[in-house]
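One letter stands for each residue in the lines below.
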Amino acid sequence: DAGVIQSPRHEVTEMGQEVTLRCKPISGHNSLFWYRQTMMRGLELLIYFNNNVPIDDSGMPEDRFSAKMPNASFSTLKIQPSEPRDSAVYFCASSPQLAGEYNEQFFGPGTRLTVL
Amino acid sequence: DQQVKQNSPSLSVQEGRISILNCDYTNSMFDYFLWYKKYPAEGPTFLISISSIKDKNEDGRFTVFLNKSAKHLSLHIVPSQPGDSAVYFCAASVFTGTYKYIFGTGTRLKVLA
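Residues numbered from 1 in each chain as written. Chains lettered and ligands numbered in written order. Predicted model: local features only at pLDDT ≥ 70, side-chain atom pairs only at ≥ 80, totals over all residues. Heavy atoms only, no water.

Lay out the sheet that holds strand β8 (residues 74-79) of chain A with the relevant residues and their values.
Residue and element names in this part refer to chain A. Read across the sheet, 4 strands follow the order β1-β3-β8-β7 without closing on themselves; strand pairing throughout is antiparallel. The open sheet has two edge strands with one neighbour each: β1 (5-7) and β7 (65-71). Taking the axes of each pair of neighbouring strands and ignoring which way they run, one obtains an average angle of 15 degrees across the sheet. Across 5 bridges, β7 lies against β8 in antiparallel orientation. Across the sheet, alanine 67 pairs through a bridge with leucine 77, a residue of β8. (Pairing = 2+ DSSP bridges. Helix = DSSP H or I, 4+ residues; strand = E, 2+ residues; numbered from the N terminus. Axes fitted to C-alpha atoms, helices over the stretch in contact; angles between N-to-C directions.)

Now the structure itself:
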């Protein structure tokens, strides 16, 4: 298995531009998570999906952020318009949903976003 | 409101000695606790976990201790090796339809050869 795949690995854009980050979870995993890593706040959960349905988006910082999961093998995180303070590393993670277990999360390599 | 706190941003330890990484939490509803390890330019990878009904879990050189009354957990690495140099994230898990993790800010461990 290739693991969680994220693209692009690096993104540099100018303030005001739209940014789309992509994620392919591990096949067979029911849950998908988007995180943002910053020095000040560590790994913050932005949103997670269970069986393609958004369950909790309370971590999404503003309306400029949106996420979709149109099918079990693909998710996007969009920022529109982007701002310099959105610069961070964005991780996608997936996990199986096994009854009675804590469901280890498997992370992708991340997308480093720089907004100038 | 940081529910999971790692108050030491960095730690340096000599090779062969013990590394102790600490984590505090505030929510007594957390039912699992996990440690993830992260190398530069990679995603975090799972290291070890502990259920809230236990106070110790050991896996090779890695041991996690849980003190529920103090809402504190720690990760011990013995002996420390240069390859252990990484950022370590503590996470707490709560079930809300699926298991949601709350991560700490991480501790950067440097093991000196």
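Still more to cover.
Before we move on, can you summarise the packing of aromatic side chains with the specific residues and values?
Considering all chains together, one arrives at 15 aromatic pairs over all chains under this definition. Where A:Tyr35 meets A:Phe107, the ring centres are 5.3 Å apart and the plane angle is 35 degrees; that geometry is what we call tilted. Taken together, the residues A:Tyr35 in strand β4 (residues 31-38) and A:Phe107 in strand β10 (residues 106-107) connect sequence positions 72 residues apart. Judged on exposure class, the residue A:Tyr35 and its partner A:Phe107 are both buried. With a centroid separation of 6.2 Å and an interplanar angle of 80 degrees, the aromatic rings of A:Phe91 and A:Phe107 are classed as edge-to-face. In this pair, A:Phe91 sits in strand β9 (residues 88-95) while A:Phe107 sits in strand β10, placing the two residues 16 residues apart along the sequence. Per residue, the accessibility class of A:Phe91 equals that of A:Phe107, and both read buried. A network of ring pairs unites the aromatic residues A:Phe33, A:Tyr35, A:Tyr48, A:Phe91, A:Phe107, B:Tyr36, B:Phe46, B:Phe89, B:Tyr101 and B:Phe103 as a single cluster. (Phe/Tyr/Trp six-rings, centres within 6.5 Å; stacked < 30°, edge-to-face > 60°. Buried < 20%, exposed > 50% of the residue type's maximum accessible area, 1.4 Å probe, protein only.)

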